[in-house]
Amino acid sequence: MRHPYVALDTETTGLEPGRDEVIEVAAIRFQGAEVLGTWHSLFKPAGPLPEPISRLTGIAPADLEHAPHFYTLLPDLARFIGDDPIVGHSIGFDLDFLAAQGLTLSNPRVDTYELSTLLLPELPERSLAGVARGLGLTYPEQHRALADAEAVRQVFLALWRRLLALDLGLLEEVLRLANRADWPLRRLFEEVAEEVSRTGFGRKVSGGLPLSLRLVEPEPRPEALEEMGDERPLDEEDLAVLLSPGGLFARAFPHYEYRPQQVEMLRAVVRTLNSGGQLIVEAGTGVGKSMAYLVPAVATAVRRGRPVVISTHTINLQDQLFNKDIPDLRKVLAQAGPEEGETARWANFSAALLKGRNNYLCLRRWEVLRRNPTLTPEQVSTLVKVLLWLPRTRTGDRAELALVGRENAVWNEIASHPHACRGEECPYWQQNRCFFYRAHWRARAAHLIVVNHSLLLSDVATENRVLPTYRYLIVDEAHHLEGVATEQLGFHVTEEEILFHLAAISRPVGPEREEGLLSFLPTFFRGPKVPEAARQTLEVLCREVRGSVEAARAATQTFFEHLSNFLRQYREGESSSPYDWHWRITSSIRVQPDWSDLEIDWEAVANELWRIQERLSRIFQHCLEYLEGTPEDQDLLAEIARLGQRTAEIREQVTAIVSQGQPNGIYWLSVEAQAGTIGLHAAPLHVGPLLQGGLYGQKEAVVLTSATLSTEGSAAFLRERLSLADADELLLDSPFDYARAALLVIPEDIPDPSDPQYGRALSRTLVQTCLASQGRMLVLFTSHHTLRQTYSAIRRPLEREGIAVLGQGIDGSRHMLLEKFRRNPRSILLGTSSFWEGIDVVGEGLSVLVITKLPFDVPSNPIFAARCELFEEPFSRYAVPQAVLRLKQGFGRLIRSQTDRGVVILLDGRVLTRTYGPTFLRSLPPATIRRSLLQEVPHLVRKWLSGENEGQGFSIF
């Protein structure tokens, strides 16, 4: 380390520089392991010290009473820091605060948060404490400046050692990239490369081939799965005994619990795979549905040599299946002896995880961007992250990277894309280095193929060109299938997206310059082999396309300007709303005179788009005739085809939205609250027939399962929504003893959610109940607005008692909030839609679940409103069943194991007073139920959690 660094940390009264103040600063000057000096001081703020900050830091108001004001020590702090590089975790936060109070520092900066995303992409959490833990460092004290500055120093030194271990060739490539943009970490990498070069420990990556070919090892291409021709049905008993007491699972796992429901589900899945058809299985929490379908799926795939596709919705379940459940199953089957017969052979099954194409890095596109002479800082950081990751990854999956902010947009420039793919002509394909095709080759060779619903439905939309051919399908988290199908089979576009598409074809950037396809197309027609007539024809076509693009651009801007004026009259009083606005296009809207003017405006755009599409088609044919078919020529043809297809899609879809709505279509407009961006949307009215024709009807056997598929003991609602009239049905209760484990409290005197007094009663009840439970509480909301109001009302009184309040959209990402909640039992977590499922907090960490409101869909939601019109009694036949399934999902967050115990509080009295109330309650697990008054709720919670009144529940029906 050739010069000193200064580790810096501040503590402040809040999060907003200029409004909040610095109350503590610590700085540690160091060079290598040697500490050269320490600077530390508290500061007296102009305003009072907020209680949450005092509790968080341990700094009391009395500690600041006689502390100096910041400005008095500003010169001394500036002298201590000097000109040396400053190191900090999210250092921009600290420097912004210092600048707001008069100390502007222009020193080079090193952000250990950013550095950790380069060197430790696998970390689940990137707080200072999280990075320290990931590096194996002890970090006992947090939220005091001196302790945090010391932690920053230790983290930086650990990351420095990792940098010194990098290949010199990689470091030199980092510097080549860094020199093309103002990248903050450039100076650090220069120093590291110098030290590695000086000490001689680094080695250069061998030259010759392109860098990506040197970094990514080729893989043997596996043979495609071979059909075995064995059509014998599976033996139910042989498979059931694996999960029975004394079976293979019991022998493999010491704490294995036999669950009759799991065996019953396994038998039903076996019968479906043997005989064909469709099966709906609701398996309550704790049934163990994954193993109940994995065991017969493996047996079927291995015996017959045909793959089974397993589709999930959430990343959590996809990861659990591929990284835990499937390896566990392989471990169990590997222990099979001769007495288990064929079972021992099943242990050799293979599995593959397959994601959408955009999830995989395209090495060729990465090389193209890497060679770009000018780069943005975001492009540099993304390219460097990939560079350091390539020697370690086998999958090329973006989920293994820690991309932040605008880096996600850069990923789209280097991700695999169908229209930028050369296929067999690409050297990466030829050498088995292409990540996308690797994943597909593994999938073609696998017995089990794990996908998500989006990819499954992309296969439907492309007429089965995405996944390998398969006959057996298992859909887990099947309650999401309709929603994902609606999104995947729909369409949306904004003015910005249309203009961006047109710019990809042609965009003037000066009197004599343009960007886009037309700017480089003529370069392919140079040279003696191309006749002059061909060049002239291309020139004419380009001129015509250029003119149509300009006309389409102007017409698009006019259309959206008029559309904005049209919508303004319908948004009176809502234009300043902090929430997105949706407005459905119905037949009554289309007959209005003003709407006819919009149709005329769009027709002008559509006509120009048709001309662009037609001329791009002619240019494509012209290129086929005269170009030589080099890899560059193939790239050009792919780009022309992509732009032509996108042009046609925009023209056809927006024409349907504006002028020619289809009977099976839902059409609407949206306005973003922040930017005011107008979006045009289309979605299918009923996805069931589309799924039946494109998915179920083409498969030999389909199993759909979830913990929440039924209402009042029937899956009729799901059958109707997904067109599964002939499917067999199996509803399995949870093996958990809910009467002992869960208390459901329903206050009788809670005001109606529409009553102005509801918010006050909600906040008061949450504070009192949370104090009774000492935190450990998850609160589920149906709107962000109510969540924020409640957060503001309960934060001060609860934090005064040492209970942390965590709010979705306020205190960090979903993952960060869950980590904080798990680590701190004295906390309350407020969440909306994404927290109603996929949350798994086992044990006392989650003891109280509050559901603030029955989760009915918003009546103004265009898709909900349109689908309601399909029913004579839309509320009872559509709105209620849909809300029941969501309530069951939320209720399921509480009891996650046999030993869990807790309370659910439903703060919506309509479940007691409305005719639909019993439908909700009869669909929930059989918990102990108590009617109560609001003032009794804390007492009931305290008694239940202490173990009193166990099993003394009663039904309210």
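Refer to the structure printed above.
If you're wondering where the values come from, they're calculated on a predicted model, not measured in any experiment.

How would you summarise the sheet that holds strand β18 (residues 728-732) if you had to cite specific residues and measurements?
Taken in spatial order, the seven strands make up an open sheet running β8-β9-β7-β10-β17-β6-β18, and their pairing is parallel. If you trace the sheet from one side to the other, it starts and ends with β8 (351-353) and β18, each paired once. Direction aside, the axes of adjacent strands within the sheet are offset by 15 degrees on average. The strands touched by helix α22 (residues 453-461) within the sheet are β7 (308-312), β9 (448-452) and β10 (472-475), with β9 carrying the most contacts at an inclination of about 95 degrees.

Quick rundown of unusual backbone geometry? Include the residues and the values.
Positive phi, close to 55 degrees, is recorded for S90, a residue that is not glycine. In this structure, E712 is a non-glycine residue whose phi angle is positive, near 50 degrees. Looking at the secondary structure, you find E712 in the loop between β17 (701-706) and α31 (716-722). Residue class for E712 comes out partly exposed when judged on its relative accessible area of 37%.

How would you explain the sheet that holds strand β24 (residues 902-906) if you had to name every residue and give the values?
Pairing within the open sheet is parallel, and its seven strands lie in the order β21-β22-β20-β23-β24-β19-β25. Every other strand in the sheet has two partners, leaving β21 (804-807) and β25 (928-932) as the edge strands with one partner each. This sheet shows a mean twist of 20 degrees between the axes of neighbouring strands, independent of strand direction. By the bridge criterion, four bridges tie β21 to strand β22 (residues 827-831) in an arrangement that is parallel. The partner of L806 across the bridge, within β22, is L829. The strands that helix α35 (residues 814-823) touches are β20 (777-780), β21 and β22; relative to β22, the one it contacts most, it runs at about 155 degrees. Each of β19 (742-747), β23 (848-851), β24 and β25 touches helix α40 (residues 937-945); the most contacted strand, β24, lies at about 160 degrees to it.

Hey, could you go over α35 for me, with residue numbers and the actual values?
If you check which residues of α35 are buried, you get L817, L818 and F821. Mapping the buried residues of α35 onto a view down its axis gives an arc of 100 degrees, with all of them on the same face. Each element contacted by the buried residues of α35 is listed here: β20, β21 and β22.

Describe the packing of aromatic side chains, with residues and values.
Applying the stated criterion to the full structure yields 30 aromatic pairs. Through successive ring pairs, a cluster of aromatic residues spans Y360, W429, F436, Y437 and W441. When the ring centre of W441 is taken as reference, the NZ or CZ atom of R221 above it lies at 3.8 Å.

Please give an account of the environment of I326 that cites residues and values.
One can find I326 in helix α15 (residues 315-334). Taking the relative accessible area as the measure of exposure, I326 reaches 2% and is therefore buried. Along the backbone, I326 and S350 are 24 residues apart, and their C-alpha atoms lie at a distance of 9.4 Å. Filtering out sequence-adjacent residues up to four positions away, I326 remains in contact with L294, L321, F349, A351, L448 and V450.

Any chance you could break down the nonpolar core for me, citing the residues and the numbers?
Soluble, globular proteins show a tendency: their nonpolar side chains are buried together. In terms of nonpolar packing, the biggest core is built from 111 residues, with L115, F156, L188 and L361 touching the most fellow members. If you tally residues by element for this core, the top one is helix α7 (residues 145-164), at eleven residues. Discounting chain neighbours no more than four positions away, the residues touching L188 are Y5, V110, L115, F156, W160 and L163. Listed in part, the 54 residues of the second largest apolar core include C623, L627, A656 and A682.

So what's going on with helix α5 (residues 112-119)? Which residues, and what values?
Here α5 lies mainly inside the structure; seven of its eight residues are buried. Within the sequence span of α5, burial applies to T112, E114, L115, S116, T117, L118 and L119.

Summarise the pairing of β19; cite the residues concerned and give the values.
Here β19 lies mainly inside the structure; six of its six residues are buried. Sheet topology places β19 next to β24; four bridges connect them, and they run parallel. Along β24, the bridge assignment pairs L743 with V903.

What counts, and at which threshold
Residues numbered from 1 in each chain as written. Predicted model: local features only at pLDDT ≥ 70, side-chain atom pairs only at ≥ 80, totals over all residues. Heavy atoms only, no water. Pairing = 2+ DSSP bridges. Helix = DSSP H or I, 4+ residues; strand = E, 2+ residues; numbered from the N terminus. Axes fitted to C-alpha atoms, helices over the stretch in contact; angles between N-to-C directions. Contact = heavy atoms within 4.5 Å. Buried < 20%, exposed > 50% of the residue type's maximum accessible area, 1.4 Å probe, protein only. Arc of directions from axis to C-beta. Phe/Tyr/Trp six-rings, centres within 6.5 Å; stacked < 30°, edge-to-face > 60°. Lys NZ or Arg CZ within 6 Å of the ring centre and 35° of its normal. Core = buried A, V, L, I, M, F, W, Y, C linked by side-chain atoms within 4.5 Å.

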